[in-house]
Structure formats: structure tokens, C-alpha cells
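The lines below spell out each chain.
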Number of protein chains: 2
Amino acid sequence: MDNFHVYDTTLRDGAQQEGLNLTVADKLAIARHLDGLGVGFIEGGWPGANPKDTEFFRRAQQELQLQHAQLAAFGATRRAGVKAADDPLVAALRDSGAGVVTLVAKSHDRHVELALRTTLEENLAMVRDTVSHLRAEGQRVFLDAEHFFDGYRDNRAYALEVLSTAFEAGAEIAALCDTNGGMLPGWIQDVVNDVIESTGVRVGIHCHNDTGCAVANTLAAVDAGATHVQGTINGYGERTGNADLIAVVANLELKLGRDVLPAGLLREATRTAHAIAEVTNVPPASRQPYVGSSAFAHKAGLHASAIKVDPMLYQHMDPIEVGNDMRLLVSDMAGKASIELKGRELGYDLAEHPQTVARVTAKVKEMEARGYTFEAADASFELMLLEEVEGTRPSFFTVESWRVISESRAVGEETEATVKVHAGGQRYVVTGEGNGPVNALDSALRRAIARAFPAVAEFELTDYKVRLYDDGHGTDAKTRVLIETTDGDTSWVTVGVGENVIQASFEALVDGLTFGLWRHQK
Amino acid sequence: MDNFHVYDTTLRDGAQQEGLNLTVADKLAIARHLDGLGVGFIEGGWPGANPKDTEFFRRAQQELQLQHAQLAAFGATRRAGVKAADDPLVAALRDSGAGVVTLVAKSHDRHVELALRTTLEENLAMVRDTVSHLRAEGQRVFLDAEHFFDGYRDNRAYALEVLSTAFEAGAEIAALCDTNGGMLPGWIQDVVNDVIESTGVRVGIHCHNDTGCAVANTLAAVDAGATHVQGTINGYGERTGNADLIAVVANLELKLGRDVLPAGLLREATRTAHAIAEVTNVPPASRQPYVGSSAFAHKAGLHASAIKVDPMLYQHMDPIEVGNDMRLLVSDMAGKASIELKGRELGYDLAEHPQTVARVTAKVKEMEARGYTFEAADASFELMLLEEVEGTRPSFFTVESWRVISESRAVGEETEATVKVHAGGQRYVVTGEGNGPVNALDSALRRAIARAFPAVAEFELTDYKVRLYDDGHGTDAKTRVLIETTDGDTSWVTVGVGENVIQASFEALVDGLTFGLWRHQK
């Protein structure tokens, strides 16, 4: 849908969020989710400036089969005083394999002088030269006009000239960036109106949430004629974050009657937002508009009977439109279709076994209600599916018992773990040490199994995430542990849940080793 | 400032948030924080409908000395078919001691018929009679027109008639409620314009964030002439929450040049938001506009030198205006003034000991950077202050060592803890059992101390909160534990921090017992 762009920058601007660290594998996983939502463009990062992003674009060419989205590479205009064709950073954009390059350019005169330390004329030349060069090389070029709204206030003529220069050189979009995030909707509307009237460029909008108005600001720009919206999933981003792309799109489609995603895909919104939150390990905000787990929660109370008569009296839209649920059990999102799909991946055609599908669906719901999540923990899901389909769960060893001793004494702190395990017909009693209880348990278990299954020597724990998934008072908060294990070639994620972080971790460790051994056996 | 109302409903509508449970003591503490921020009105709850809220208003009359705010009691118009003077729920509002009653009334015809199950005429009579009765009893009355915007769409004439009826009976404010939260700013603006033109009532605005536009919607209403804004701290509330009152107020004051809080008090915003988050135990959102810990975080990188030349190139306002910080160390909020104040409470006039104040301030900053928080953990703060002022920390026992053993065997799971403690010249070795490691440690420690200090028999753990306070990948996430202990008369909170939840909990347990014994000794 080229007449209106839904442009996602989760992987670039979203990744600027404090505490958010994405591996290349994380980025590829997120890109697949974004494509499933049907966004038009996925800004993948800054190849050339960041080795991880260079690697992302390299692997994306081989590994990503995108159905809806095009990849966009983000980067800056050439350095002052060199030709675009000679600038290695521009070359990295050109060679990224991305069909679109989004060039960030300064449009605020003071930033040109103080941050770029060049002249206003040279900055225009940098814009012109870089856009022309990339266009000549066959790429589409979008412009991100950085600090545009502040620049417009300080020097309107220059800010507009930057846009016109890019357009004359072949840029398709001028995305006006409220980089510092200080705008309010009325102001955005006035500026976008003026830009369109004065320059005739095609306008995009890129907002941050510093005034709490990123979504409204984006809508105000669209109302004034912008036809390209940028944002991030879950509003990730620096400081207060970027415009929440799903809220923007849902408002456009459901409130303002515009079709901006491929038909039907808005219903993937809730699933997508939660799946991406599992990858980033940033706990999803339960109050998030449209997709939050509380977004359609109702304290029925006195109104229960009225809700029965007409639920729409108590909700602003039907949550099914965004794949959410009035009763908001996250478990309800594990639909039968995705379970059939997963079965097919594993070589089972479940479509012909509706009873099995129903049984697995019920089990997923029941386990998710207890705090498990299978969106991210594929390996735990597959083990569970195998158990339901084949009647037995793959098993290579049994744990007779485990024990963790953590102590603090004058000489310091010490933690050790002992596991008693049966594997390959033998009983092993192994003790491991570690910085903390989980570390020690991992060490003991791995060494115990290694005697019977040398393959585990190749396995390695590459990620460990802990989340308290309810914020309740008291001692009954539960812990969810996600563990990623790799054998060097592939990696898989398992999940454990419990009141005791040690026990939850142990569950995920056991699943991680079991899944790896099962895959090796195949 | 009666010409513009900043009306907080954290304690009523905010408390509707899933998972948020406030005790009466919590509500009193929050009311004090709200008053410190200078809001004009604090909606305390629904006396009569909810025993906890009745108790809140009773205690508020005795215990709250409010400097800036007035208390408002929330409640419904009388039941159909009875006189307001005979309705016990109306009587509870009248007798609440609150100077203001905020009456919620139906303004959507379908809600009158389906939820209230009465006629449109009787609903108007209910509004008229209840407002008149409370006015005659000497209370100010504000009207919350529930589902107003949906009602206006369905039956504009009736929705407006509800407002006019309330005004003729003596209501001062008609707060238009977007109860289902589906509105966008332009729509709000049009409706508020029409209401003011058509009825002449004084308009207030009450928004929810279901479209992600609660703040912008509130500003749109003000732009159209509303002079009363409702919202909650941290945007707490049902579903996606209410309008974030601090973002609304900061935008009004800093972006739109209106004075809506007493001069200077907006600088309390960040402190207030965080202190209230500690009371609710809902982790503060780091990306929250204006007050989030990330709200003014900068990844300086290439721009460091430009930031030095002019920091305002990279921020939309000076964070000091809301008590936040560009470098965003939460620790910087523990200012010297509050430390002097705390010292005075403890009987030390620190104003004359600037070196001590500087030393304590530095220590607070250093410890907060490591994850401690003293906003909520008064007792840990006092122990630290005593140490700095008197040169020694109160100490009643010393812990030689502790050990926790957690094991899982065929017969089940079991956890025990052993502490070796010196107290009153004796050495005690005591083992306790529990459901989990912390429970077991608490039991062992308490029993060991009880022999030397019988006073601890009266102590009881009343609350235990755990928070992972960074969401980093890997095993290095830290745990912060807050423990509340009571002796039956008063209660106090202590804090512990560490990579190991067991160790962090033990630290807070020891401080909790020490503080209680120190207070008993005095």
C-alpha cells in the first residue's frame, strides 16, 4: 500500500531504549513478527555504523522471507567535504541489500552548526549529493528530517529548504521528526499544513512521547496530510519512547476509517505486541492501549447485567478487532490455528486430529493461566506438543533430587548445588558451585548429564531472563524464567514457573537439555 | 486556584486498576503526597459504598492536615424512587466530612435504561434532587457526567439536559467523562465547544487512555474552554488507565503557559510520582513523560560536545522544572533539604552541620545508584542517618553466618534456614523452616533474637515486596526487597538489594528487627 506508509522503526529507534539490547537473532525474530502484522517498512538498523546491524542486513537477505514489508536501512547523509560516492558509511547503505534507505539529515540550523560543525550550504549539498547518489544506485530514498519542528521554529526557511533539496534530488518522503518530543497536536498540525502548502513534498511523521502526546501528534499530522507514519511496537524508544505504532494504526483503521494495513492483519496486533515483548524481555505494559492485558478488563460489579445486554455499552470498540479479548486472558491468544501450524512444523498434521488440537489448546490455556508463556519458549512448547501427540514426553534422564545450599559466613558467600540424576542406566551424584543458586545448579546438572550424553558438552546457556509476572503485595509473586540454550548451530528457549526462582530455573534448565538432546537424536 | 481545578482521582478511579490494592494507610500516605504537589482536589473514594473509603474519610478528618487540597467524596445520585434525604448512600456523602461531593450521574440514555433501569425523567429527578439536597446541607457539588461522549452521540439533547439540570440545582462543575475512553482530540474539542455554547455550564474533563490520547484529549478540552481537569498520578486506572495528571499539568504549565498549580510545586512532580509508586508497589514506568527515570536520558555519543554547548538542543524543556534530571540518576532527587527535614524529625538539627548533610546526601546517592530506595524505606534511611550522625549504627545482635538449604526430592520440596547469631552475650544457632528460602530465614532469625530480646515477639512481618529493578538480559538483574514490620502500634519499612534475592531479603530482615528494637529502647 504505497499510498500510505506504515513504517516501523522498532529495530532502530526502538532499540535506543535504555536497557534494551537486541541480538541479531532477536532482530530477525522481531522482523518476522512485524511482517506478520503487515507493516509496509521495517527499519532494520544502521548498517556500517554498527557491526550488529551490518550483520542483520547480511543475514536478512538470506534468512528473511518477507511477505508484506520492505526492509529500510537507516543512515546519515555523507560527511562534510567528501563525495557521497567516496563515503564508506554511504557505501554501507548502498550495499545493505535494503530496497529503501532512510537518510537522516539535519534540518535545524543550530544543529548543523553545533553538532555537524559545518555550514548551512554544505549541509544542503550533503543532502543533495547523498540522495542523488543512492537514487542513481537504484535505491528508494526517504528523508528523516531530524529536529525538524525545533528547526522550523528557529529558521523556517532553512528547514523547508532541506526538505525541498532532498525532494529535488529524488527523495520520496520527508519524515518530519519531533526528535526532542516537545510538540503538542495543534502545533504539529499547523506545521504539517504549512510544509505541504509551501513545498509540496510528501510528508511523513516521526514523534516521541515526551509530552505524552506521541499518538495524538501522529494523528494530527495525518489529519493535516501526512501519508507516512513512523513508530515502534510497544512504543519502545529513547527517553519516553516513540509513537506506539499499533495505537496509531488502530486509531487510523478503527476510529478514522482508513485502511493502512493489509485487510485483517490488525487482528494480529495483540499477539505481535506480546511476542515482541518476549523477545525484548521488556515486560508488556498491562495498561497499553488496544493490546494491553488490561485494555479490555472490566470490573463488572453492578453493571454485569447491562454488559450482558450490550457489551458495547462498556467498551469503545470490539477487542477482537485487535486480537485482544474482553476477558483478556492472555491464554486465549494461543488459538487452535497456531497450534496446528506449529504441529505442521514438527511434522504432525494436526488438522485431521481435532481432539488432539483441542487437548493441546486447553493445556496451553491452563499453563498460561499459571504463568507459563509459549510465545517465546518454543522448545518447551514442542516438548509439550510431543507429549500430547505421541503420548510420552522425550526424556533422557530423570532427576532423583536436587539441593541448593547458599550460605554467608565470615569468609564470604558461597553457593553450591547437588543433583542426583539417573542417565544411561547409571546414577550420578554431582555437586557444582556458582555465584548464585541457579548458576550452581546449571553447573551440576550439565556435568552430571555429560557423562551419559557427551553431546551436552556442545550446549551452552546463552541467555537467562527472570521476570516477576505479577506485582502483587506479599510473598506470593511468581517468577517466570526463560532460558536460551545453543548447540552452536541453533538455539532454543525453555520456560519454568514457580514461587521459588530456584525451582522455576531448574525446570527450564531440564527442558533445555532435554530438547537439545531430542533434537540431536533426530 | 478556583478558576482552574486540578482534580486528582488516584484514590478513587486510579484505585480501580487491576492488581492495585490500597490500604487506608496507603491512601492517607498518597493524599499527603498529592497535597505536597499542590493539587486542588483529592477525590478520596466512595464513602458509604466501600467500608475502606468510609474509614478513609473518617481518619482523614483527624489525621490529614492538607495545605493545598480539598477532599472530595465520590458517590452516585440517589436511587430511583426514594428521596435524596432518605437515601443512606447520599447520607454517607453528606456525612463524609468532605467539602466537595462529586456526584456521578448517567448522561447516556441507554445507560439510564439498561444499567439504572429507570426512566429518563426519573434520572433527571435523581440528579436535581441529589444536588439540591447536598447543596442545602452546605456542600459544594461537582457532577461527573458518566459516558457523556457516547451519550452525546446517541442523544445529544438528553446528555445536555442532564448537565443543565445539575447546574440549575447548584452544581458547580460538569465533568464530561469519556468513560469508555474511545475519543480522539478533535472530537473532544467539538463536543466541549458545543456544550459550553449550548448550556453555559462550567465544564470539566475526565479522560481514559484507551486510544492512547488521554493527555491530548484533556488538553483539547481545555483548549475548548474546560477549566477543571481530572486525572491520576502515573495514569493509574481501569483498563488503559486515566489521563496522567502530571503530564497534563506539565503541558499546561510548561508548554501552554498556564499557572494551574501553586508556584514552584510542579518541581515536586517527579518525587511525588515515584513516592506514590512505592506506596502502590506498581513499578514506575521508566518511559513515563516528564517524570520517568528515562525521560531525560540521553545517549550522547557523537553529540556530547554539542550537548555541552547547549543542552537545550537535545531536550524539549529543562527537566528541573518537573524535579527530574538530565542525567536521570534517581539519587539526585534525595536533596539536602529533605535530609535536613528527616534529621529534624529524628531530633537532630542538621542545618548547622552542613558536612554531615553533605556526607549523608553523598551516601544516599551512592546507595540509590546501587539500587536502594529510601523514599519508601524510612527505617533503613533512619538507621543510615543515625550511623552518620552518631558515628555508630544501632546494633543489637550480630550475624555470624546464615545458610539456606532448598531441596527437591521424591517426598517433596523442603527449605530450611540456619542462622548463627550473637545477642545479649550469647551465641544462638537456630534453624527455621518455611515455604521458601526467605520465609525460612525470617523464622530462624526471629526465633534466635527472641531469646535475648523478648520484644521481637510483638514484631510481625506485614508486607514483603520484591522487584527486579533492571530488566537487563542475563543473570545480572538485581533484586530489591522491601519489608514492612509492625509492633502492633506502628510499622516501618526496610530495604535490601542484591543479585541474590535471599541475600537481599536477609539484609532487609536484619534492618527491620534492628530498627524495631532501637525504637523500643527509646
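What counts as what
- Residues numbered from 1 in each chain as written.
- Chains lettered and ligands numbered in written order.
- Predicted model: local features only at pLDDT ≥ 70, side-chain atom pairs only at ≥ 80, totals over all residues.
- UniProt positions renumbered as here; feature names shortened; annotations may be inferred.
- Contact = placed C-beta atoms within 7 Å.
- Nonpolar A, V, L, I, M, F, W, Y, C, P; charged D, E, K, R; others polar.
- Pairing = 2+ DSSP bridges.
- Helix = DSSP H or I, 4+ residues; strand = E, 2+ residues; numbered from the N terminus.
- Buried ≥ 20, exposed ≤ 12 C-beta atoms within 10 Å, placed from the backbone.
- Axes fitted to C-alpha atoms, helices over the stretch in contact; angles between N-to-C directions.
- Least-squares fit on C-alpha atoms with pLDDT ≥ 70 in both.
- Core = buried A, V, L, I, M, F, W, Y, C linked by C-beta atoms within 7 Å.
- Domains from an automatic or database assignment.
- pLDDT = per-residue confidence, 0-100.
- Parallel < 35°, antiparallel > 145°, perpendicular 65-115°, else oblique.
- Left-handed = near helix turned anticlockwise from the far one by under 90°.

- Named according to an unreviewed UniProt entry, chain A is Citramalate synthase originating from Nocardioides baekrokdamisoli.
- Checking UniProt for chain A, the heading Catalytic activity (unreviewed entry) contains the comment "pyruvate + acetyl-CoA + H2O = (3R)-citramalate + CoA + H(+)".
- Note on chain A: under the UniProt heading Pathway (unreviewed entry), the record states "Amino-acid biosynthesis; L-isoleucine biosynthesis; 2-oxobutanoate from pyruvate: step 1/3."

1. Structural notes on the interface of chain A and chain B
Part 1 of the argument: Counting residues at the interface gives 82 residues for chain A and 82 residues for chain B.
Part 2 of the argument: In terms of residue class, the side of chain A that touches chain B is made up of 32 nonpolar, 32 polar and 18 charged.
Part 3 of the argument: Two elements, strand 9 (residues 397–409) of chain A and strand 9 (residues 397–409) of chain B, share 7 bridges in a ladder whose sense is antiparallel. Residue pairing for strand 9 of chain B: Ser408 of chain A is matched across the bridge by Trp402 of chain B.

2. Description of the pairing of strand 1 (residues 5–8) of chain B
All names here are of chain B.
Part 1 of the argument: Of the two faces of strand 1, the one holding His5 and Tyr7 and the one holding Val6 and Asp8 are both buried throughout.
Part 2 of the argument: Bridge count between strand 1 and strand 8 (residues 228–231): 4 bridges; the pairing is parallel. Of the residues in strand 8, the one forming a bridge with Tyr7 is Gln230.
Part 3 of the argument: Across 2 bridges, the pairing between strand 1 and strand 2 (residues 41–45) is parallel. For Tyr7, the partnering residue across the bridge sits in strand 2 and is Phe41.

3. Some thoughts on the sheet that holds strand 5 (residues 140–146) of chain B
Residues and elements named next belong to chain B.
Part 1 of the argument: Taken in spatial order, the 8 strands of this closed barrel run 1-2-3-4-5-6-7-8, and their pairing is parallel. Each adjacent strand pair in this sheet contributes to an overall mean axis angle of 25 degrees, direction not counted.
Part 2 of the argument: Pairing between strand 4 (residues 100–106) and strand 5: 7 bridges, direction parallel. Bridge pairing in strand 5 links Thr102 to Phe142.

4. A few points about the relation of the copies chain A and chain B
Part 1 of the argument: Overlay of chain A on chain B (RMSD 0.5 Å): rotation 180 degrees, translation along the axis 0.2 Å. Look at the turn and shift together and you get a two-fold axis relating the two. Distance from the rotation axis, computed per C-alpha, reaches its smallest value in chain A at Ile405 of chain A: 2.6 Å.
Part 2 of the argument: When the interface residues of chain A are mapped onto chain B, 100% of them are again interface residues, pointing to one common binding face.

5. Considering the sheet that holds strand 11 (residues 426–434) of chain B
Part 1 of the argument: Pairing in this open sheet of 6 strands is antiparallel, and the strands run 11(A)-10(A)-9(A)-9(B)-10(B)-11(B) from one edge to the other. Bordering the open sheet on either side are strand 11 (426–434) of chain A together with strand 11 of chain B, each of which pairs with just one other strand. Here the average twist between neighbouring strands, direction ignored, is 10 degrees.
Part 2 of the argument: Here strand 9 of chain B pairs with strand 10 (residues 412–423) of chain B via 12 bridges, running antiparallel. Looking across to strand 10 of chain B, one finds that Val399 of chain B is bridged to Val421 of chain B.
Part 3 of the argument: The strands that helix 16 (residues 437–452) of chain A touches are strand 9, strand 10 (412–423) and strand 11 of chain A; relative to strand 11 of chain A, the one it contacts most, it runs at about 145 degrees.

6. Some words on the nonpolar core
One recurring pattern in soluble globular proteins is that nonpolar side chains are buried together.
Part 1 of the argument: Membership of the largest hydrophobic core comes to 194 residues, with the highest contact counts inside it found for Leu143, Ala174 and Leu176 of chain A together with Leu143, Ala174 and Leu176 of chain B.
Part 2 of the argument: A domain-level breakdown of this core finds at least three residues from each of domain 1 (5–280) and domain 2 (296–328) of chain B.
Part 3 of the argument: Residues contacting Ala174 of chain A, with those up to four places away along its chain left out, are Leu143, Ala145, Leu163, Ala166, Phe167, Val201, Arg202, Val203 and Gly204 of chain A.

7. Some thoughts on the confidence of the model for chain A
All names here are of chain A.
Part 1 of the argument: In the predicted model, chain A carries a mean pLDDT of 88, and the fraction of residues at 70 or more is 91%.
Part 2 of the argument: Counting interchain partners and residues more than four positions distant, the pLDDT-below-50 stretch residues 327–334 has 23 contacts.
Part 3 of the argument: Ignoring residues within four places in sequence, the model shows residues 471–476, a span with pLDDT below 50, making 16 contacts including any to other chains.
Part 4 of the argument: Taken together, the chains of this predicted complex give a pTM of 0.74 and an interface ipTM of 0.73.

8. Focus on the packing of helix 9 (residues 214–223) of chain B against helix 10 (residues 245–255) of chain B
All names here are of chain B.
Part 1 of the argument: Packing of helix 9 against helix 10 brings their axes to within 9 Å, and their N-to-C directions diverge by 45 degrees. In terms of axis orientation, helix 9 runs oblique to helix 10. Note on packing geometry: the crossing formed by helix 9 with helix 10 is right-handed. Contacts from Val215, Thr218, Leu219 and Val222 in helix 9 reach Ala247, Val248, Asn251 and Leu252 in helix 10.
Part 2 of the argument: Among the residues making up the contact of helix 9 with helix 10, the classes are represented as 6 nonpolar, 2 polar and no charged.

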